[in-house]
Amino acid sequence: MTTSPIPQGYPEAQPFTPAHYPGLSGKVVLNTGAGSGIGRAMAHAFARHGARLMLLDIDAAALEQTRAQLREAFPFVDVHIVQASIADDVAVEQACAATEARLGRIDVLLNNAGISMNKPSLELKPAEWRRAIDIDLSGVFYCAQAAGKRMARQGGGVILSTASIWGLSSSAHRLAYCAAKAGVVSLTKCLAAEWAQHRIRVNAICPGYTHTALMEDLMGRGVINGAELCGKTPMNRLGRPEEMAEAALYLASDASAFITGHALVSDGGWLAHGY
Ligand SMILES: NC(=O)c1ccc[n+]([C@@H]2O[C@H](COP(=O)([O-])OP(=O)(O)OC[C@H]3O[C@@H](n4cnc5c(N)ncnc54)[C@H](O)[C@@H]3O)[C@@H](O)[C@H]2O)c1
(Lines give C-alpha, C1' and ligand atoms only; values in the text may rest on other atoms or scores of the structure.)
Protein backbone atom coordinates (compact mmCIF):
# COMPACT_ATOMS: atom_id res chain seq x y z
CA MET A 1 0.00 0.00 0.00
CA THR A 2 1.64 3.28 -1.05
CA THR A 3 0.88 6.64 0.49
CA SER A 4 1.33 8.41 -2.83
CA PRO A 5 -0.18 6.43 -5.68
CA ILE A 6 1.00 7.06 -9.20
CA PRO A 7 -1.70 8.64 -11.37
CA GLN A 8 -3.58 5.89 -13.15
CA GLY A 9 -3.18 5.35 -16.84
CA TYR A 10 0.33 6.72 -17.19
CA PRO A 11 1.61 3.73 -19.21
CA GLU A 12 -0.83 4.57 -21.96
CA ALA A 13 0.49 8.10 -22.23
CA GLN A 14 3.09 7.33 -24.90
CA PRO A 15 3.37 4.27 -27.12
CA PHE A 16 6.50 2.22 -26.54
CA THR A 17 8.05 0.44 -29.50
CA PRO A 18 11.14 -1.62 -28.74
CA ALA A 19 13.92 -1.67 -31.32
CA HIS A 20 15.85 -4.73 -32.45
CA TYR A 21 19.63 -5.07 -32.55
CA PRO A 22 20.56 -8.38 -34.22
CA GLY A 23 24.23 -7.97 -33.22
CA LEU A 24 23.36 -8.59 -29.56
CA SER A 25 22.44 -12.22 -30.27
CA GLY A 26 24.92 -14.56 -28.58
CA LYS A 27 26.65 -11.79 -26.60
CA VAL A 28 27.59 -12.68 -23.04
CA VAL A 29 25.99 -10.19 -20.67
CA LEU A 30 26.74 -9.86 -16.96
CA ASN A 31 23.78 -8.04 -15.44
CA THR A 32 23.94 -6.79 -11.83
CA GLY A 33 20.83 -6.00 -9.83
CA ALA A 34 18.91 -8.36 -12.12
CA GLY A 35 16.55 -9.45 -9.35
CA SER A 36 14.30 -6.42 -9.66
CA GLY A 37 13.27 -3.27 -11.46
CA ILE A 38 15.50 -1.87 -14.15
CA GLY A 39 17.98 -4.77 -13.96
CA ARG A 40 15.20 -7.32 -14.42
CA ALA A 41 13.80 -5.37 -17.37
CA MET A 42 17.30 -5.32 -18.87
CA ALA A 43 17.51 -9.10 -18.46
CA HIS A 44 14.24 -9.50 -20.39
CA ALA A 45 15.37 -7.11 -23.12
CA PHE A 46 18.73 -8.83 -23.67
CA ALA A 47 17.14 -12.30 -23.47
CA ARG A 48 14.70 -11.19 -26.17
CA HIS A 49 17.77 -10.47 -28.32
CA GLY A 50 19.25 -13.92 -27.77
CA ALA A 51 22.04 -12.77 -25.44
CA ARG A 52 23.55 -15.26 -22.98
CA LEU A 53 23.06 -14.03 -19.46
CA MET A 54 24.77 -14.17 -16.09
CA LEU A 55 22.46 -12.47 -13.61
CA LEU A 56 23.95 -11.17 -10.36
CA ASP A 57 22.09 -9.93 -7.31
CA ILE A 58 22.44 -9.97 -3.54
CA ASP A 59 18.89 -11.36 -3.30
CA ALA A 60 18.92 -15.05 -4.28
CA ALA A 61 15.14 -15.48 -4.29
CA ALA A 62 14.69 -12.47 -6.56
CA LEU A 63 17.33 -13.85 -8.92
CA GLU A 64 15.54 -17.19 -9.09
CA GLN A 65 12.32 -15.37 -9.90
CA THR A 66 13.94 -13.43 -12.74
CA ARG A 67 15.46 -16.62 -14.13
CA ALA A 68 12.09 -18.42 -13.97
CA GLN A 69 10.40 -15.51 -15.76
CA LEU A 70 13.02 -15.52 -18.49
CA ARG A 71 12.76 -19.28 -19.01
CA GLU A 72 9.02 -18.99 -19.35
CA ALA A 73 9.16 -16.07 -21.78
CA PHE A 74 12.20 -17.28 -23.77
CA PRO A 75 12.38 -21.10 -23.57
CA PHE A 76 15.79 -21.28 -25.29
CA VAL A 77 17.46 -18.60 -23.18
CA ASP A 78 20.93 -19.39 -21.79
CA VAL A 79 20.64 -17.88 -18.31
CA HIS A 80 22.71 -18.37 -15.16
CA ILE A 81 22.64 -16.72 -11.77
CA VAL A 82 25.19 -15.77 -9.16
CA GLN A 83 24.43 -14.38 -5.73
CA ALA A 84 26.92 -11.73 -4.63
CA SER A 85 27.17 -8.24 -3.25
CA ILE A 86 28.81 -5.80 -5.62
CA ALA A 87 30.26 -4.08 -2.54
CA ASP A 88 32.44 -7.15 -1.96
CA ASP A 89 35.37 -6.91 -4.40
CA VAL A 90 36.40 -10.53 -3.84
CA ALA A 91 32.88 -11.78 -4.57
CA VAL A 92 32.72 -9.59 -7.68
CA GLU A 93 35.99 -11.04 -8.98
CA GLN A 94 34.66 -14.55 -8.32
CA ALA A 95 31.41 -13.76 -10.13
CA CYS A 96 33.31 -12.50 -13.18
CA ALA A 97 35.55 -15.58 -13.11
CA ALA A 98 32.44 -17.77 -12.89
CA THR A 99 30.91 -15.95 -15.87
CA GLU A 100 34.04 -16.50 -17.90
CA ALA A 101 34.27 -20.14 -16.85
CA ARG A 102 30.67 -20.86 -17.78
CA LEU A 103 30.12 -18.60 -20.78
CA GLY A 104 33.66 -18.07 -22.04
CA ARG A 105 33.85 -14.26 -21.95
CA ILE A 106 32.07 -11.07 -20.89
CA ASP A 107 30.93 -8.91 -23.80
CA VAL A 108 28.63 -6.54 -21.92
CA LEU A 109 28.56 -5.51 -18.27
CA LEU A 110 25.25 -4.01 -17.15
CA ASN A 111 26.55 -2.36 -14.01
CA ASN A 112 23.16 -1.62 -12.58
CA ALA A 113 22.72 -2.75 -8.96
CA GLY A 114 22.19 0.08 -6.50
CA ILE A 115 20.31 1.32 -3.49
CA SER A 116 18.68 4.60 -2.55
CA MET A 117 19.79 6.80 0.34
CA ASN A 118 17.46 9.68 1.15
CA LYS A 119 18.18 11.39 4.43
CA PRO A 120 18.85 14.89 5.73
CA SER A 121 22.63 15.35 5.79
CA LEU A 122 22.67 16.38 9.46
CA GLU A 123 21.16 12.99 10.31
CA LEU A 124 23.12 10.85 7.85
CA LYS A 125 25.16 8.38 9.86
CA PRO A 126 28.70 7.50 8.74
CA ALA A 127 27.56 3.88 8.31
CA GLU A 128 24.76 5.02 5.97
CA TRP A 129 27.19 7.19 3.98
CA ARG A 130 29.58 4.24 3.69
CA ARG A 131 26.77 1.86 2.64
CA ALA A 132 25.66 4.16 -0.20
CA ILE A 133 29.21 4.79 -1.39
CA ASP A 134 30.20 1.12 -1.00
CA ILE A 135 27.33 -0.12 -3.17
CA ASP A 136 26.49 2.76 -5.49
CA LEU A 137 30.05 3.83 -6.30
CA SER A 138 32.71 1.36 -5.13
CA GLY A 139 30.60 -1.62 -6.23
CA VAL A 140 30.27 -0.09 -9.68
CA PHE A 141 34.04 0.31 -9.86
CA TYR A 142 34.74 -3.26 -8.66
CA CYS A 143 32.44 -4.66 -11.35
CA ALA A 144 33.86 -2.38 -14.06
CA GLN A 145 37.44 -3.31 -13.20
CA ALA A 146 36.84 -7.06 -12.90
CA ALA A 147 34.89 -7.15 -16.18
CA GLY A 148 37.14 -4.57 -17.86
CA LYS A 149 40.34 -6.55 -17.40
CA ARG A 150 38.69 -9.53 -19.10
CA MET A 151 37.35 -7.34 -21.91
CA ALA A 152 40.85 -5.87 -22.42
CA ARG A 153 42.26 -9.41 -22.68
CA GLN A 154 39.59 -10.55 -25.13
CA GLY A 155 39.88 -7.43 -27.30
CA GLY A 156 36.85 -5.33 -26.40
CA GLY A 157 33.50 -4.99 -24.72
CA VAL A 158 30.87 -2.63 -23.43
CA ILE A 159 30.36 -1.36 -19.89
CA LEU A 160 27.11 0.36 -19.10
CA SER A 161 26.45 1.69 -15.61
CA THR A 162 23.13 2.86 -14.25
CA ALA A 163 23.76 6.30 -12.78
CA SER A 164 20.81 8.67 -12.21
CA ILE A 165 19.53 12.16 -12.90
CA TRP A 166 21.01 12.72 -9.44
CA GLY A 167 24.45 12.02 -10.89
CA LEU A 168 24.08 15.12 -13.07
CA SER A 169 22.03 17.29 -10.75
CA SER A 170 21.81 17.62 -6.99
CA SER A 171 19.20 17.75 -4.29
CA ALA A 172 18.67 18.31 -0.59
CA HIS A 173 18.37 15.11 1.47
CA ARG A 174 20.20 12.97 -1.11
CA LEU A 175 23.84 13.77 -0.38
CA ALA A 176 25.29 10.25 -0.38
CA TYR A 177 23.21 9.09 -3.36
CA CYS A 178 24.03 12.21 -5.42
CA ALA A 179 27.74 11.97 -4.55
CA ALA A 180 27.84 8.28 -5.47
CA LYS A 181 25.95 8.72 -8.75
CA ALA A 182 28.03 11.77 -9.73
CA GLY A 183 31.00 9.50 -9.05
CA VAL A 184 29.55 6.92 -11.43
CA VAL A 185 29.26 9.55 -14.18
CA SER A 186 32.87 10.61 -13.57
CA LEU A 187 34.08 7.01 -13.44
CA THR A 188 32.30 6.40 -16.76
CA LYS A 189 34.17 9.24 -18.46
CA CYS A 190 37.54 8.34 -16.93
CA LEU A 191 37.28 4.68 -17.94
CA ALA A 192 36.02 5.61 -21.42
CA ALA A 193 39.12 7.73 -21.96
CA GLU A 194 41.43 5.09 -20.53
CA TRP A 195 40.01 1.94 -22.09
CA ALA A 196 39.14 3.12 -25.62
CA GLN A 197 42.57 1.73 -26.58
CA HIS A 198 41.27 -1.70 -25.50
CA ARG A 199 38.13 -1.26 -27.64
CA ILE A 200 35.99 -1.03 -24.50
CA ARG A 201 33.17 1.48 -24.65
CA VAL A 202 32.03 2.82 -21.28
CA ASN A 203 28.74 4.68 -20.93
CA ALA A 204 26.06 5.39 -18.33
CA ILE A 205 22.33 5.81 -18.36
CA CYS A 206 20.77 8.40 -16.09
CA PRO A 207 17.17 7.39 -15.41
CA GLY A 208 14.67 9.81 -14.05
CA TYR A 209 12.08 8.52 -11.61
CA THR A 210 11.23 5.03 -12.79
CA HIS A 211 8.46 2.80 -11.46
CA THR A 212 10.37 -0.01 -9.68
CA ALA A 213 10.50 -1.69 -6.27
CA LEU A 214 12.98 0.95 -5.15
CA MET A 215 10.42 3.64 -5.95
CA GLU A 216 7.58 1.66 -4.37
CA ASP A 217 9.65 1.45 -1.19
CA LEU A 218 10.33 5.20 -1.12
CA MET A 219 6.70 6.04 -1.87
CA GLY A 220 5.46 3.49 0.65
CA ARG A 221 7.58 5.06 3.39
CA GLY A 222 6.37 8.52 2.38
CA VAL A 223 9.93 9.61 1.46
CA ILE A 224 8.74 10.70 -1.97
CA ASN A 225 5.33 11.43 -3.44
CA GLY A 226 4.60 9.73 -6.77
CA ALA A 227 1.87 12.08 -7.89
CA GLU A 228 4.01 15.11 -7.05
CA LEU A 229 6.95 13.70 -9.00
CA CYS A 230 4.75 13.14 -12.04
CA GLY A 231 3.51 16.70 -11.74
CA LYS A 232 7.10 17.98 -11.82
CA THR A 233 7.96 15.88 -14.88
CA PRO A 234 7.16 17.55 -18.21
CA MET A 235 5.88 14.23 -19.57
CA ASN A 236 3.73 13.90 -16.44
CA ARG A 237 4.58 10.29 -15.69
CA LEU A 238 7.23 8.03 -14.25
CA GLY A 239 9.61 6.11 -16.46
CA ARG A 240 9.08 2.44 -17.18
CA PRO A 241 11.89 -0.04 -16.49
CA GLU A 242 11.49 -1.26 -20.08
CA GLU A 243 12.35 2.23 -21.34
CA MET A 244 15.63 2.18 -19.40
CA ALA A 245 16.36 -1.29 -20.76
CA GLU A 246 15.79 0.04 -24.26
CA ALA A 247 18.48 2.70 -23.75
CA ALA A 248 20.79 -0.04 -22.48
CA LEU A 249 20.21 -2.12 -25.63
CA TYR A 250 21.14 0.81 -27.83
CA LEU A 251 24.30 1.64 -25.88
CA ALA A 252 25.34 -2.03 -25.79
CA SER A 253 24.77 -2.48 -29.52
CA ASP A 254 26.96 -1.61 -32.48
CA ALA A 255 24.42 1.09 -33.36
CA SER A 256 26.27 3.23 -30.78
CA ALA A 257 29.77 2.19 -31.93
CA PHE A 258 31.26 5.73 -31.69
CA ILE A 259 29.62 6.63 -28.37
CA THR A 260 31.77 6.35 -25.27
CA GLY A 261 32.06 8.38 -22.07
CA HIS A 262 28.44 9.45 -22.41
CA ALA A 263 25.73 9.72 -19.74
CA LEU A 264 22.38 9.24 -21.49
CA VAL A 265 19.43 10.83 -19.73
CA SER A 266 16.00 9.20 -19.91
CA ASP A 267 13.81 11.26 -17.60
CA GLY A 268 10.69 12.56 -19.36
CA GLY A 269 12.21 16.06 -19.37
CA TRP A 270 12.92 16.32 -15.61
CA LEU A 271 16.44 17.77 -15.95
CA ALA A 272 15.52 19.98 -18.88
CA HIS A 273 12.84 21.53 -16.70
CA GLY A 274 15.48 22.50 -14.15
CA TYR A 275 14.77 20.36 -11.10
N1 LIG B 1 13.95 3.56 -9.91
C2 LIG B 1 14.39 4.79 -10.13
O3 LIG B 1 13.62 5.75 -10.11
C4 LIG B 1 15.85 5.04 -10.42
C5 LIG B 1 16.21 6.30 -10.92
C6 LIG B 1 17.53 6.55 -11.20
C7 LIG B 1 18.48 5.56 -11.03
N8 LIG B 1 18.11 4.34 -10.55
C9 LIG B 1 19.17 3.35 -10.38
O10 LIG B 1 18.83 2.20 -11.14
C11 LIG B 1 19.42 1.05 -10.54
C12 LIG B 1 18.35 -0.01 -10.35
O13 LIG B 1 17.35 0.53 -9.51
P14 LIG B 1 15.88 -0.06 -9.42
O15 LIG B 1 14.96 1.09 -9.33
O16 LIG B 1 15.68 -1.09 -10.45
O17 LIG B 1 15.96 -0.70 -7.96
P18 LIG B 1 15.42 -2.08 -7.38
O19 LIG B 1 15.50 -1.92 -5.90
O20 LIG B 1 14.11 -2.42 -7.99
O21 LIG B 1 16.51 -3.12 -7.88
C22 LIG B 1 17.84 -3.05 -7.44
C23 LIG B 1 18.41 -4.46 -7.38
O24 LIG B 1 19.77 -4.36 -6.91
C25 LIG B 1 19.97 -5.36 -5.95
N26 LIG B 1 21.06 -4.97 -5.03
C27 LIG B 1 20.99 -4.04 -4.04
N28 LIG B 1 22.18 -3.99 -3.40
C29 LIG B 1 22.99 -4.90 -4.00
C30 LIG B 1 24.32 -5.31 -3.80
N31 LIG B 1 25.06 -4.80 -2.81
N32 LIG B 1 24.84 -6.26 -4.61
C33 LIG B 1 24.10 -6.83 -5.58
N34 LIG B 1 22.83 -6.49 -5.83
C35 LIG B 1 22.27 -5.53 -5.04
C36 LIG B 1 18.64 -5.50 -5.23
O37 LIG B 1 18.54 -6.74 -4.55
C38 LIG B 1 17.66 -5.34 -6.38
O39 LIG B 1 17.35 -6.60 -6.96
C40 LIG B 1 20.06 1.53 -9.25
O41 LIG B 1 21.43 1.73 -9.46
C42 LIG B 1 19.36 2.84 -8.98
O43 LIG B 1 20.14 3.72 -8.22
C44 LIG B 1 16.82 4.05 -10.25
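Residues numbered from 1 in each chain as written. Predicted model: local features only at pLDDT ≥ 70, side-chain atom pairs only at ≥ 80, totals over all residues. Heavy atoms only, no water.

This part covers the pattern of salt bridges. Inspection of the entire model under this criterion finds twelve salt bridges. Among the ionic pairs, R52 bridges to D78, the shortest N-O distance being 3.2 Å. Here R52, found in strand β2 (residues 52–57), pairs with D78, found in the loop between α2 (60–73) and β3 (79–83); they are 26 residues apart in sequence, far enough to count as distant. The class of R52 is partly exposed, set by a relative accessible area of 26%. By relative accessible area, which is 26% here, D78 ends up partly exposed. Between R153 and E100 there is a salt bridge, with its nearest N and O atoms 3.3 Å apart. Of this pair, R153 sits in helix α4 (residues 126–154) while E100 sits in helix α3 (residues 89–103), and the two are 53 residues apart along the sequence. Among the charged side chains, a network of salt bridges with common partners joins E93, E100, K149, R150 and R153. (Salt bridge = Lys/Arg side-chain N within 4 Å of Asp/Glu carboxyl O. Helix = DSSP H or I, 4+ residues; strand = E, 2+ residues; numbered from the N terminus. Buried < 20%, exposed > 50% of the residue type's maximum accessible area, 1.4 Å probe, protein only.)

The next subject is the site of the ligand. Not every one of the 29 residues close to the ligand is listed here, only the nearest: S36, D57, Y177, T210 and T212. Contact between the ligand and I58: a nitrogen atom at 3.3 Å from a main-chain N or O atom of the residue. T212 places a side-chain nitrogen or oxygen 2.5 Å from an oxygen atom of the ligand. Elements that contribute at least two residues to the shell around the ligand include exactly α1 (37–48), α5 (175–195) and α6 (213–220). If you tally residues by element for the shell around the ligand, the top one is α6, at three residues. Tallied by class, residues from the shell around the ligand come to 14 nonpolar, twelve polar and three charged. (Near = heavy atom within 4 Å. Polar contact = N/O pair within 3.5 Å; in protein donor to acceptor, adjacent residues only side chain to side chain. Nonpolar A, V, L, I, M, F, W, Y, C, P; charged D, E, K, R; others polar.)

Here the focus is the sheet that holds β3. Spatial strand order, β3-β2-β1-β4-β5-β6-β7: seven strands in an open sheet with parallel pairing. Among the strands making up the open sheet, the edge pair consists of β3 and β7 (263–266). The average angle at which neighbouring strand axes cross in this sheet is 15°, direction not considered. Inspection of the sheet shows strand β4 (residues 108–111) paired to strand β5 (residues 157–162) by four bridges, in the parallel sense. Pairing of L109 across the sheet is with I159, part of β5. α4 contacts β1 (28–32), β4, β5 and β6 (200–207) of the sheet and is inclined by roughly 180° relative to β4. (Pairing = 2+ DSSP bridges. Axes fitted to C-alpha atoms, helices over the stretch in contact; angles between N-to-C directions. Contact = heavy atoms within 4.5 Å.)

Nonpolar side chains in soluble globular proteins tend to be buried together. Core analysis: the largest hydrophobic core is formed by 40 residues, its most contacted members being L30, L56, I86, L109, M151, I159 and V202. The greatest single-element share of this core, amounting to eight residues, is contributed by α4. Apart from the residues lying within four places of it in its own chain, the contact partners of L109 are L30, T32, C143, A144, A147, M151, V158, I159 and L160. Formed by 30 residues, the second largest nonpolar core is a distinct cluster that contains M42, F46, M244 and A247. (Core = buried A, V, L, I, M, F, W, Y, C linked by side-chain atoms within 4.5 Å.)

Looking now at helix α8 (residues 241–252). For the α-helix, the turn length of 3.6 residues means that residues three or four positions removed from each other point alike. Compared with an ideal rise of 1.5 Å per residue, which puts twelve residues at 16 Å, α8 spans 16 Å between its outermost C-alpha atoms and is within 8% of the ideal. Residues of α8 that are buried: P241, E243, M244, A245, E246, A247, A248, L249, L251 and A252. Contacts made by the buried residues of α8 are with α1, β4, β5, β6 and β7. (Expected span 1.5 Å × (residues − 1).)

A full pass over the atoms with the stated rule returns three aromatic pairs. Seen from their ring centres, F141 and Y142 are 6.2 Å apart, and the 55° between their planes marks the pair as tilted. Plain terms: the ring middles of W166 and W270 are 6.3 Å apart, the flat faces sit at 80° to each other, and that makes the pair edge-to-face. Separated by 104 residues along the polypeptide, W166 in the loop between β5 and α5 and W270 in the segment after β7 bring together distant segments of the chain. Both residues of the pair, W166 and W270, belong to the buried class. The rings of W166, Y209 and W270 are connected pair by pair, giving a single aromatic cluster. (Phe/Tyr/Trp six-rings, centres within 6.5 Å; stacked < 30°, edge-to-face > 60°.)

Between α1 and α8, the least distance of the axes is 8 Å, while the angle of their chain directions is 55°. It follows that α1 is oblique to α8 by the angle criterion. The handedness of the crossing between α1 and α8 is right-handed. Touching G37, I38, A41, M42, A45, F46 and R48 of α1 are P241, E242, M244, A245, E246, A248, L249 and A252, all from α8. (Parallel < 35°, antiparallel > 145°, perpendicular 65-115°, else oblique. Left-handed = near helix turned anticlockwise from the far one by under 90°.)

Orientation of α3 relative to α4, taken along the N-to-C sense of each, is 35°, at an axis distance of 8 Å. At the point where α3 passes α4, the crossing takes the right-handed sense. In contact with D89, V92, E93, C96, A97 and E100 of α3, α4 contributes Y142, C143, A146, A147, K149, R150 and R153. Classifying every residue of the contact of α3 with α4 gives seven nonpolar, no polar and six charged.

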